[in-house]
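One-letter residues, chain by chain:
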Amino acid sequence: MRLLVVEDDPELGRRLTERLRAADFAVELATSRSEAEDWPDVGRMGAVILDLGLPDGSGLDLLRHWRDRRLETPILILTARGSWQDKVEGLNAGADDFVVKPVRFEELLARLNALFRRQQGTRATTIAAGDLALDPVARTATLAGAPLALSRQEFRLLHLFLRRAGQVLSQTDILDDLYALDDEREPNTVEVLVGRLRRKIGRTRITTLRGHGYRFDK
Amino acid sequence: MRWPVPGSLRLRFLLAVSLWVLLGIGAIWFSAVRIFSHHVEQSYHEELEVHVRELGGLTEIAPDGRIVLSRPLSDPRYAEPLSGFYWQVTAEGRAPLRSASMTRGRLDESIAHSPEILHRLNSGPTGPAITYGYTRKGPAGEDIHFVISTDQSELDRLINSFTRDLTAWLAALAALLLATGFAIISFGLRPLDRLARAFARLRHGETEELEGRYPAEIAPLAADLNAYIRQNEAMIARARVQAGNLAHCLRTPLAIITDEAERLAQHDDSRAAGAVLLDQAGAMEQQIEYQLARARSGAGRKPSGRGVVLPDVVLPILRAMERLHPGKRFTLVSGSDQRAVLPLDPVDYTEVLSILLDNAGKWARSEVTISIDQPHAGGCTVAIADDGPGIPEAQIPQAFAVGTRFDPEVAGSGLGLAIARDLCDAMGAELTLANGAGGLVARLHYPSTSGE
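Now for a look at the structure at hand. (Residues numbered from 1 in each chain as written. Chains lettered and ligands numbered in written order. Predicted model: local features only at pLDDT ≥ 70, side-chain atom pairs only at ≥ 80, totals over all residues.)

Examining the overall build of chain B
The cut-off we apply is this: A run of H or I in DSSP becomes a helix once it reaches four residues, and a run of E becomes a strand once it reaches two; helices and strands are each numbered from the N terminus. Residue burial here comes from a neighbour count, namely the number of other C-beta atoms, placed from the backbone, that lie within 10 Å of the residue's own C-beta, with 20 or more meaning buried, 12 or fewer meaning exposed, and in between meaning partly exposed. Whether two residues are in contact is decided by their C-beta atoms, placed from the backbone, lying within 7 Å.
What chain B contains, in helices and strands, is seven helices and 14 strands. By residue count, 27% of the 452 residues in chain B fall in the buried class. Sequence separation of at least 24 residues holds for 61% of the intrachain contacts in chain B that already meet a minimum separation of 6.

The structure is reproduced here in structure tokens:
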């Protein structure tokens, strides 16, 4: 899943990006308000982690700007401003959660996962489809109760399919979710990954739509 | 017109004006009565003197030796029985002649003992009387005594009637002067009344500064106060910005330290060092949060500026809480449709309410109810109830201690209630926790300030 981190402190930005990547997210980093505002596909991000104190403007204004343009991506504010006035203002401006620095990484991760679950309209940690179940927090997947051995990329792909079950996902959609923009992308990566996943979860679950992409059937 | 209260400028003016009017009118009354009485007495006496002369002029001795008048006296009152106007002419060896009005008694002739007209107060046929008299030699060289007498009550009646009329008119004039005096005071003090009302609105947090235009004498006072208010507001705003900047300066490096500590704690050879760093970073974070919350506080009570408007201030907090605690229902129950304005700092009040609602949201199973009781005379109680597990009674006092966390699994710093209690103390509000029917109930009570 792709995340956009908007953080002006270079050291903190680097560390956050590193740890989120280690937790299997594809992370993009914007270091200013203008860079974040010009980001081409914020709408297709899994979530945005937004700092409020940016050098060229307020993160709160950026948040309002996005929400005014009907951007529905979950946004988590991660800021040093810890007053309740800031929190109330941030949440009312359209943030989905508000976390004050410093935060333990596990807590940040738990809050992000809670955001994803909330967006899918479920409060359960596990996403299930038929006898297939995936727990993004525990990073485990089971088929008919038996644990599945998935590589990191396979897990992320399955997570994406489960989140958007029934929808047609193009190769670009899949690549965007799995890789950050500056990562190297092989054109046949998706085909290879889908093939590997089919072998592990069953051939019939993922339908190929020629010229359109793939669809995970519920 | 407003009723004057003890110690007020209005009462002072009213007393001064009343005294001024009463002294003035009293002096007019006294001198007018004196002058009039004197004048009336004088003309009265002159008239009697004329009458006694006329009596002398009209008196004749008839050929048979009787005393007769050539014609009646010109004043008809001497002819009416007991009219109070009497005359008498006596001469030795002759029958006395008396006025027709004198149907009884006689006049004392001793006043008429010299050719010069004399007068004194005597007792007459109908009470005390002013008596004039003189003597003249008769044809036989005998003394003829002429006496004219008028009841003193007649003069008194004249003077009393005048005094009564004068008193009535002067009383009316005094009432008119007092009424106009009071009206002038009211008119003159109206700017001060407006100032007092503007102060009250300011004190109750309904306005942000002293509103209205005032006369030249008090305009500088209002302007200075407004300048002071703005300065004060700016100082608090600056303190908050500085607190925010300080938070940013401290928390960003602390976030990096925490991250480094977490990384260290993941490796066997640096686990202990990482744990120590994490502990210390946690302690630092707690101190930063606590001290910054205190630095942000506007010292609670609002000396000026717009205060807390209930229930308006609650609504954005509830919307924020619904986002922060999805799946939990936040319900507002207001005891009245009316708005209440509390003279408190809205930022501090928001902080306290948010802490209480966030706590309730964390512990509630499904529902948090915030109820505002009927606001009365500036006072108000807000109760926040959750349907969570509550706190054992014995542990309630500890809940307000810095760093108390009842469940380490529930996110939080353990500072919320300590900060809320500090802010409440500064605001003059009372914060209590109690186990209610369904869970914990936090009550934020702000007493009425109308008595101040």
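Additional details are given in the paragraphs that follow.
Describing the environment of Val17(B)
All names here are of chain B. Looking at the secondary structure, you find Val 17 in helix α1 (residues 9–58). Note on Val 17: 17 C-beta atoms within 10 Å, which makes it partly exposed. Separated by 164 residues in sequence, Val 17 and Gly 181 have C-alpha atoms that sit 6.5 Å apart. Once you skip the residues sitting within four places of it in the chain, Val 17 turns out to touch Leu 178, Gly 181 and Ile 185.

A closer look at helix α3 (residues 59–68) of chain A
Helical periodicity: at 3.6 residues per turn, an α-helix aligns residues three or four positions apart in one direction. Which entries qualify depends on this criterion: Read the arc as the range of directions from the helix axis to the C-beta atoms.
Those residues of α3(A) lying buried are Gly59(A), Leu60(A), Leu62(A), Leu63(A) and Trp66(A). For α3(A), the angular spread of the buried residues around the axis is 160°, confining them to a single face.

A word on helix α3 (residues 219–266) of chain B
Test applied: A helix is expected to reach a length of 1.5 Å times the quantity of its residues less one.
Given a rise of 1.5 Å per residue, 48 residues ought to cover 70 Å, and the 69 Å separating the end C-alpha atoms of α3(B) matches this to within 8%. The set of residues buried in α3(B) consists of Ala222(B), Ala243(B), Gly244(B), Ala247(B), Arg251(B), Thr252(B), Ala255(B), Thr258(B), Asp259(B) and Ala261(B). Those residues of α3(B) that are buried lie in contact with α1 (10–22) of chain A together with α2 (152–203) and α4 (271–296) of chain B.

Some words on unusual backbone geometry
Pro102(A) follows Lys101(A) through a cis peptide bond whose omega is -10°. Structurally, the position occupied by Pro102(A) is in the loop between β7 (97–100) and α5 (105–119). In the segment running from Leu310(B) into Pro311(B), the intervening peptide bond is cis, with an omega of 0°. Residue position: Pro311(B) is located in the loop between β8 (308–310) and α5 (314–324).

A short note on the sheet that holds strand β10 (residues 140–143) of chain A
Residues and elements named next belong to chain A. Definition in use: Any two strands with at least two DSSP-identified bridges between them are counted as paired.
The four strands lie next to each other as β8-β9-β10-β11, forming an open sheet whose pairing is antiparallel. Looking at the sheet topology across the chains shown, the edges are occupied by β8 (127–129) and β11 (146–147). In this sheet, strand β9 (residues 132–135) lies alongside β8 in antiparallel orientation, the contact comprising three bridges. Following the sheet pairing, Ala 129 is matched in β9 by Leu 132.

A short note on the pairing of strand β1 (residues 2–6) of chain A
Residues and elements named next belong to chain A. Formally: Assignment of crossover handedness uses the view with strands pointing away from the viewer, where a clockwise path from the first strand over the helix to the second indicates a right-handed crossover.
With respect to burial, β1 is a largely interior element, five of its five residues being buried. Bridging between β1 and strand β2 (residues 26–30) involves five bridges; their strand directions are parallel. Looking across to β2, one finds that Leu 3 is bridged to Val 27. Once you follow β1 into α1 and on to β2, the crossover reads as right-handed. Relative to strand β3 (residues 47–50), β1 is paired through four bridges, and the arrangement is parallel. When the sheet's bridge partners are listed, Val 6 is paired in β3 with Leu 50.

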